[in-house]
Structures are given as C-alpha cells and as structure tokens.
Amino acid sequence: MKVLLLTVFLSLLLAVLFLMFFILQYRKGSFKGTEQNALRPLDEETSEVAPRK
Amino acid sequence: MKTDKVTIVYDDDSVRKFMIASIFWGLISMVAGVFIATQLNFWQMNGKFLEWITFGLFKSEGVEFLTFGRLRPLHTNAAIFAFVGNMMFAGVYYSTQRLCRVRMASDLLSKINFWGWQFIIVCAAVTLPAGFTRGKEYAELIWPINILVAVIWLVFAANFFWTLGKRNERSLYVGLWFYIATIVTITMLYVVNHLSIPTSFTHSYPIFGGVQDALIQWWYGHNAVAFFLTTPMLGIMYYFVPKAANRPVYSYRLSIIHFWSLVFIYIWAGPHHLLNTSLPEWLQSLGMLFSLMLWAPSWAGMLNGLLTLRGAWDKLLTDPVIKFFAAAVTFYGMATFEGPLLSIKSVNALSHYTDWTIGHVHSGTLGWNGFLAAGMFYWLAPRLWKTKLYSVTLANVHFWLGMVGILLYVASMWVSGITQGLMLSETIEGGTVLKYPSFVETIDAIRIPMLTRMIGGSFYLIGFILMAYNIWKTARGGTPANGTVEIAAQDIEKPNWTKSFCSAPIIYSLLIIFSVCLTIFSNGALFISGIFLTIFFVIVAIGHFEFSSASWEEWYEKLLDHGFAFSVLTIFAAAIGGAIQIIPTVTMQRADNIEGRLQVPYTPLELAGRDIYVSEGCYNCHSQMIRTLVPDVMRYGQDDGYSHLGESVYDFPYQWGSKRTGPDLAREGGLRSDEWHFLHMLNPRQISEGSTMPNYPWLFKKEIKVHQLPNKMNAMRMLGVPYPIDLSEEDIQAQIDEQSAEIVARLAKANIFAEPDKEIIALIAYLQKLGTFEVRE
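Thresholds applied
Residues numbered from 1 in each chain as written. Chains lettered and ligands numbered in written order. Predicted model: local features only at pLDDT ≥ 70, side-chain atom pairs only at ≥ 80, totals over all residues. Helix = DSSP H or I, 4+ residues; strand = E, 2+ residues; numbered from the N terminus. Buried ≥ 20, exposed ≤ 12 C-beta atoms within 10 Å, placed from the backbone. Rg over C-alpha atoms; globule rule 2.2 N^0.38 Å. Contact = placed C-beta atoms within 7 Å. Expected span 1.5 Å × (residues − 1). Arc of directions from axis to C-beta. Pairing = 2+ DSSP bridges. Nonpolar A, V, L, I, M, F, W, Y, C, P; charged D, E, K, R; others polar. Core = buried A, V, L, I, M, F, W, Y, C linked by C-beta atoms within 7 Å. Axes fitted to C-alpha atoms, helices over the stretch in contact; angles between N-to-C directions.

Chemist: So, the overall build of chain A: which residues are in play, and what are the values?
Modeler: Along its length, chain A carries 1 helix and 1 strand. Counting all 53 residues of chain A, 8% fall into the buried class.

Here it is, written out as structure tokens:
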C-alpha cells in the first residue's frame, strides 16, 4: 500500500509542475510556437475549372 | 466589421505540364534502363538484334548510337534530370504556391522554365547517343547545353525567389527551406563542375584535370544525388506526406535539425567515391567520416516522414498514395543506411567498381524518388483534373509490381557485386597468385544476377506504364482545375525589406559569415582580422542572446521571416565543406602533387584516340585507376604499383571511372599487341570468349577528325599540358602520319590490312599509351 502514496505523490508533483509551466507560459502571453508552422500544408482550398486556351 | 477578401488562383497549369513531362520522360529513361540491362546480358543488343527483328534487312554487327557506352549516360541523365527534374518542378510549383499563399510570381518565367527544360532534354536525347559528351558522369552534356541548363535553372530560381518575396505568409515552411537549398547548391555545383574550354561547338575540355577533376566531379556527382535527388524530394515529402495523411509533420523541431545538419554534412561526403585511390588520405578520411555522420540526419528525416503517418497506418490498406509514400520514405532510410556503410574504406574496397554500388543507387532512385513521384502523382491527378483516380486497383498493382521489381533488382545487384568483388580479390598460394586472373571468369559468375536485374527492371517499368495509363484515364475523365484560396486582406503581411534586416539574428548571421569568408579567402592582416572579427561577433551574439532573454524559437522565427538571410546561411552551410576540400586541392601546384611520377603527354594521334575513347563512353565500363589495394595492384599493376597522382595529371577529363564492367585500363599500354586491340574492337568475343563488350565496326570506317586537333591542342596547352607553342597544323599532321604509319606497319606484319586515317588507329595509339610516365624525384 505504500506504493500508492508514492504514486499519488508523483502524480501530484507532475500535475503541479504542469500547472506551474502552464501559468508561466500564459503570463508570458506567447501563444505562438515553431510547431504551429507544421500546420501550414493543411490549409483548405477550393478549385475552379481552368479556362480553356 | 466587413473584411475584404482577396481570391488567389494558383498556376496549376504548369504543375500539370511538368507532371505529364515527368511521366513521359520517366518512361523513356526506364525503357533505356531496361534496354542497357539487356545489353549487359546479350552483347547482340548493341545493334546486332536489329538484323534479327528486320529479318536480315538491316545488316549490322553493331550500331554506334545504341551501344551501352552511349546509352548509359542517356539513361542516367533522363532519369535524373528529365524524370526526377520534371517531377521536382511539379512538386515545387504546386507546394510553393500553397505554402506562400500566392500564385507563382511570373507566368512567363514558368513557361520559359517548362519549355526550356524540355528543349534541354531533347538536345540531350539527340547529342548523347550521337557521342557528344564531356566524359564526366551525370555531367556529360556538351557546353552549349550546359549554358542552357544554367540559364533555365536561373529562370526557375528567379521565379521561385520572386514568389517567396511576394508571399502572403510570414514564415517559411520547412519544405521551402529544402527548395532553397536545392536551388542555391545546384547552381554552385553545376557551374563549377562544368567550367570548360570549348574547342568547337560540340566539344570542350574541363578546366580541371587528373585528381582535381576527380575531386570536383565527385563533389558534384555525389551532391547531384544530395541536392537534386534528395533535398527537393524531402521538401516534397514535408508537404505531401502531411497532406496525404491529413496530419502535421511528426516533429517540426526535428525537421530543423534534419535540414541544417543534412545541408552542412552532405557536401563533405563526395570523396567517398574515390576511396582507396591515390586521392590524398586526409580527403578520403573526411569523405568517409562525414558519410558516416550523414546517417544521423538522414534517419531523422526518414523517422520524421514515417512518424507523420502516426494514427494513419490503417490507410496503408486502402490508400495507394500512403502506400507509395511509406515505401518511398522507407527506401530513403534504407539507401541512406547503405550509403554510409559503403563509405567505410574496408567495405568500399570490396564494393567499389562493382554492381553493389549500382544496386544502392537504384534503391534510392527507384524506391525513394520513383515511389515518391508515384505517390505525389496519384495524389495530384484527381485534384488537378477535379475528378477521382481512374483505378485504385491499377495503382495497387503498380505498387506491388514496382516493389517486387526493386527488390529483385537490388538483391541481384548485392549478389552480383559481392560475388564479383570477392572473386576479383581472391588469391591462392599464400596470397601470391590471383585465383581468378581472367576478368571474364568473374562475369560468367554473375550472369544469373544480371538476368534477374533485367527482370526486376522490367517489372518496375510495367508498373510505371500502368501508372501512366491510370493518370491518362484520370485526366481524360476530369476537367483541368486550378486551386483557389481566399484570404482576408488584413491577413496579408508584406515583409518590410529594410525593417526585416534590422533584426539581431539576421545582422549577426551576416556579420559572422562575412568575417569567416574574410578568414578563408584572404591572407595577411585581413586574415588575422577575419579571425578576430569572427570570434568577436560570435561572443557579442551569444551575449546579446543571453542578456535579451530571447528564445531560440524567436530568433529562428526571425530568420524564417527573412528569405534572403536564410538563403545566405544555407549557401554558407552547404559551401563550407566543398571549399575546405576543394580549394587546397585546386590551388596546389599540380607539379607538387604527382607522387614522383609524371604522365607523358599524348601525341596528336593519341589525343584524337582519347577523344574517341571518351566519346564512345568507355569510362562507363572501364576504370583507369589501380587502387592502393593488393588485389588491384596484383591484377593491374604491371610491377609499377598503384596509380600515382602524376600518372593522370594531363587527363582532361580524368578517366578514373566508377564501375568495372570490364577490366581496369590504367596500364593497358604495351600489355597487348596492336593486332589484339584491332581484332578485339572488331569483335571482342573473337579474342576474349564470353566478353559482353559491344563490337565497334564504325571505328574501322570513320576517319580521324584531324582538323579539330589544332584547337584541341591549344586548349590543352592553356590547361598546362607542355605542348610546344610553335606547333603548326603541318607539324600535327606530320606527327599523326608518322605514328599511324608505324601502327599500320605493325598490323601488316600480323597480316592485317588497316587504313591509317581511320579512328581505330587513333584508338589503338591511345590504348597503347595508357600508363606511360616518367619518374621524377
């Protein structure tokens, strides 16, 4: 049963760390990351019939 | 609030044209490939077969336009520049417009790019079988076509960079980085390796000779693979794989590491094509080391590509596009594992000059390039013609035919290469005697793998024909359509040219590059100040970065906003390896780099013979480089050891070769009689039973082009060959008459009648000169 305590402790630690980093990032006000560029190819587009030459 | 919308219509007409051209030329290149594979099995395929299929109407022992030596360059050039080149343009034109959210900058430049490139290919298809060649692998095209290639490439570059400049998107996506690297690096490689002195409209000599030419050739040759067959494909992978899988690339950060390490490391690896030769040891070690290092970034790219399919693996069952992409990226990984392996000197001692290398190259071109092209075409066709793919079943059949074809091809080349490599090195009697002294014996041992290669290639070709039919039916069933996108006017952020320069990472990058260039290209006080300035700017940049509490992401993002600075950094990363390897070798006095031996210059007749040797593409099957390896020296050395650097110092172009389908010829001179060569060129099997070499009957009919020799000798003199300055045309003619009369007289003694003005006499003169040198202290 002692392992339960350890598990709870580690989980809480991870949760607190997550919260801490999240708040830090939020306060920094920076919501743009390099990884966002990875979405560039996924833009939607439509198509129109090419004019006859 | 009302938002103004701007509609952008992409130029997909160019994409359609490039795609159709790629498929057409792909078919031509593969037909040529299968055809020359049959020639390696059946010598009759060098022209004699025409006698059979025309039921004797066409009589010939061999057709000059159809020999392996002339068609192999056609196959490689068509596969690289026509098939993959057009596919690359299709992929670049399609994705660049979407990633920049703007139409290509100039429709006129796009049209010039397309039609100019096709014109170049047609010129190549005519000149290569006609025997007009520069005699350097993948750089065979003659100088007027070289200029055309450079012009059309610059038109493409102008159109691409202009489009980047007009983009409606701040940042440059990773695919575009790879395109930038392709454009700037190919420009640099192509120009340097094609520097030539023309002697006529169809002939020129490269300005580099011997070891210098070898180094520059493989700096170019290896990086043609790197920056023409790999970086643009990676750009295409980074765009089309996420598109097809409908999910972003696995790790964008990994792609940053992938890009910069690949661009920096690739360029150093060229000397691995010259391992165990007389190339200076430090260059060989650098080539091997960087080739091994290259494994890491290549696999970063492969893993990034494959893991992009995370959660979409089920599509492998239903979507042929994903099937082709997954296989292509896997082949990229396998080929880039095998490449570093073959670059280890001890492995290379076995593999080099054998079919193992050919198998390696084909796993890259057929598996990586060919399958990526197929995946891209199957994905594009329904979108470009606004319809559904004609037949998914046919696409699946194509996939499996292609896959089995590649595996048959590659496996047979492993068997063939390792078998022949081992046989050529095997000794008996305590290592004092070669076990298989006859080269033909080793050819006999690989006949089954050679046949399997032909079958594998045919499978791949049939699969490709199915694709061509499938795409044609798709196009016929649909209507050409252009992609459009609507963007809000306020979204369009036009980069401010002046303001974008006033950014810390840009300024530091440019200042550091300037200082490093000062160090590399100057001496004395400027050299010292270059070192100090480099150190100074690096420290200031680090200090600024630390104190401003900026993040790497921010600084890198600023670089991506600025296409110019990004391109300059790319040029620098790609150029540094080449500069460090090539500048010392090229600027060194050739007289200091001859290892105690100096080649005896060719007489006019021998020079004419050498040009025939180059024109017939003999270098495609025969090397002229005895490596610093015991079996090589035992087999070809003739008591003179390995080929020293000075023995090819007057060879423009160098003829060290990269494949031994036949034996090495570095010391051929004096080894056999004139009549042996005469009869051997007429019918190799008459002299050497089991030989696969073509017959060369036209050499006995065509006259030596004596009138071209004064110009050629003048060019040679400009390049440093010690021909007398006062050599008149009459002197040249007199020398030719004298030497050819001697050869004809020797042939007459063997009861062979020969005319002194025929090409065969010049070729015999050249072959008998090979390996002639003076000893210098």
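Chemist: Run through the overall build of chain B, naming residues and quoting values.
Modeler: Regarding its fold elements, chain B presents 29 helices and 8 strands. Taking 2.2 N^0.38 as the reference for a compact globule, 777 residues should give roughly 28 Å; the C-alpha atoms of chain B span a radius of gyration of 27 Å, in line with that estimate. Seen through its principal axes, chain B has C-alpha atoms that stretch 100 × 70 × 55 Å. Relative to its full complement of 777 residues, chain B shows a buried share of 53%. Long-range contacts, defined as pairs at least 24 residues apart, comprise 82% of the intrachain contacts of chain B with a sequence gap of at least 6.

Chemist: Could you give an account of helix α7 (residues 210-227) of chain B, with specific residues and numbers?
Modeler: A rise of 1.5 Å per residue sets the reference length of α7(B), with its 18 residues, at 26 Å; its end C-alpha atoms lie 25 Å apart and thus fit the reference within 8%. Most of α7(B) sits out of view: 17 of its 18 residues are buried.

Chemist: Before we move on, can you summarise helix α27 (residues 709-718) of chain B with the specific residues and values?
Modeler: Residue and element names in this part refer to chain B. Those residues of α27 that fall on the buried side of the exposure criterion are Leu 709, Lys 712, Met 713, Ala 715 and Met 716. Burial along α27 is one-sided: seen end-on, the buried residues are contained in an arc of 155°. Buried residues in α27 make contact with β2 (196-200), β3 (203-206), α23 (604-615) and α28 (729-749). Taken from the residues just after α27, Gly 720 is the one with a positive phi, measuring 110°.

Chemist: Go over the environment of Ile760(B) with me, naming the residues and quoting the values.
Modeler: Residues and elements named next belong to chain B. Here Ile 760 lies in helix α29 (residues 759-769). C-alpha of Ile 760 to C-alpha of Lys 701: the two residues are 59 residues apart in sequence and 8.5 Å apart in space. With near-sequence residues (within four places) excluded, Ile 760 lies in contact with Phe 678, Met 681, Leu 699, Phe 700 and Ala 754.

Chemist: Just give me the short version of the pairing of strand β6 (residues 481-488) of chain B, but keep the residues and values in it.
Modeler: Summarising the sheet, strand β1 (residues 46-49) of chain A and β6(B) pair through 4 bridges and their orientation is antiparallel. Bridged to Ser47(A) within β6(B) is Gly483(B). Note that strand β1 (residues 5-9) of chain B and β6(B) share 5 bridges and pair antiparallel. When the bridges of β6(B) are listed, Thr7(B) appears paired with Glu486(B).

Chemist: Any details on the interface of chain B and chain A? Residues and values, ideally.
Modeler: With 25 residues of chain B at the contact, the number on the chain A side is 16 residues. Breaking the side of chain B that touches chain A down by element, the ones donating at least two residues are α3 (68-100), α8 (231-245), α9 (252-266), β6 and α21 (552-561) of chain B. It is β6(B) that contributes the most residues to the side of chain B that touches chain A, 5 residues altogether. Looking at the side of chain B that touches chain A residue by residue, the classes come out as 12 nonpolar, 5 polar and 8 charged.

Chemist: Provide a residue-level description of the environment of Leu154(B), including the pertinent values.
Modeler: Residue and element names in this part refer to chain B. When you line up the elements, Leu 154 lands in helix α5 (residues 143-165). In this structure Leu 154 comes out as partly exposed when scored by C-beta crowding, with 13 C-beta atoms within 10 Å. Separated by 33 residues in the primary sequence, Leu 154 and Thr 187 have C-alpha atoms spaced 8.0 Å apart.

Chemist: So, the nonpolar core: which residues are in play, and what are the values?
Modeler: Residues and elements named next belong to chain B. Counting 214 residues, the largest nonpolar core has Phe 325, Ala 328, Leu 372, Phe 377 and Leu 763 as the members making the most contacts within it. Element by element, the count of residues in this core is highest for α3, at 18 residues. Leaving out residues up to four positions away in the same chain, Ala 328 has contacts with Gly 367, Trp 368, Phe 371, Leu 372 and Gly 375.

Chemist: Provide a residue-level description of the sheet that holds β1(A), including the pertinent values.
Modeler: Strand order in this open sheet of 3 strands is β1(A)-β6(B)-β1(B), and the pairing throughout is antiparallel. Of all strands in the sheet, those with a lone pairing partner are β1 of chain A together with β1 of chain B, marking the two edges. Sheet twist, expressed as the average angle between the axes of neighbouring strands with direction ignored, equals 35°.

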